[in-house]
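Spelled out, the chains give:
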Amino acid sequence: MHATIHALVEARHSRRAIQRQLGMTSRTVKRYADAAKPEDLFTGQWQTRTPVLDEYEPYLDDRWNAGCTNAWKLWEEIVPLGYKGSYQRVRAYLRQKRTSPRPVTARPPSPRTVGGWVLRRPETLSESEHLHLKNVRANRPEIDALTRHVRSFATMLTERQGERLPDWLAAVRHDDLPSLHTLAAGIDRDRQAVIAGLTLPWNSGVVEGHVNRIKKLKRQMYGRAGFDLLRKRVLLAS
């Protein structure tokens, strides 16, 4: 309990917050917090008295870690082993384990954040982002495979390496990535057109740009533009 309270104090919890979290009185929290070491709490008749539960704590810890958290059952188990103390001592010891603050762990990155790391160019990631993504890939094989496939496709797209598409599709099907399987199936239905798009310097980007511009002009009229007015606006905008 001394270690727990001092850990909370070092984590900048107020004594009032510690009191609420551990269910203690302010006087008890102050007594533990003011003691530099646990031995300072041992006074009077308790100073030379050996706690009766000490030698059974390793057994209780093992059973607790194995999933047994019932104080009465654990008390019944240690009595045949020679424990002569009360059930209340066992219950108090297990209550301490239940109320002890769990170790603070780093918050895992959100799916949106990880997706951003995967989709961005590797050279644009900071050193910290590189390390975080490396850690995620090391612990999640499916994220590692997804990252490899996404970056491989990006290389094909930016460097016009359409001849690598069949190998990429085969590699995607080899891994257990259902979402990419759906994408691969769609690409495979029009494989030759996709290969041409990834290889040839021509594309329909200009046409799509004009289509988007015309749609924008049409929407600006809120559906009230006739053909003649819309034609004039398109021609004048050109």
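Calculation notes
Residues numbered from 1 in each chain as written. Predicted model: local features only at pLDDT ≥ 70, side-chain atom pairs only at ≥ 80, totals over all residues. Heavy atoms only, no water. Helix = DSSP H or I, 4+ residues; strand = E, 2+ residues; numbered from the N terminus. Buried < 20%, exposed > 50% of the residue type's maximum accessible area, 1.4 Å probe, protein only. Phe/Tyr/Trp six-rings, centres within 6.5 Å; stacked < 30°, edge-to-face > 60°. Contact = heavy atoms within 4.5 Å.

Along the chain, the position of D54 falls in the loop between α3 (26-34) and α4 (57-65). Judged by its relative accessible area of 38%, D54 falls in the partly exposed class. Along the chain, D54 and T28 lie 26 residues apart, while their C-alpha atoms are 22 Å from each other.

We note that R12 has phi near 70°; this positive angle belongs to a residue other than glycine. Relative to the assigned elements, R12 resides in the loop between α1 (2-10) and α2 (15-22). Of note in this structure, R160 is not a glycine but carries a positive phi near 55°. Under the relative-accessibility criterion, R160 is labelled partly exposed at 38%.

Attention shifts here to the packing of aromatic side chains. Evaluated as defined, the whole model comprises five aromatic pairs. Ring centres of W75 and Y87 lie 6.2 Å apart, and the angle between their planes is 75°; on these two criteria the pair is classed as edge-to-face. In this pair, W75 sits in helix α5 (residues 71-78) while Y87 sits in helix α6 (residues 87-99), placing the two residues twelve residues apart along the sequence. Classification of Y87 by relative accessible area gives buried; the value is 19%.

This part is about the side chain of T147. With respect to the element layout, T147 can be found in helix α9 (residues 141-159). On the basis of relative accessibility, which here comes to 0%, the residue T147 falls in the buried class. In this structure T147 touches V118 and R137, once residues within four positions along its chain are discounted.

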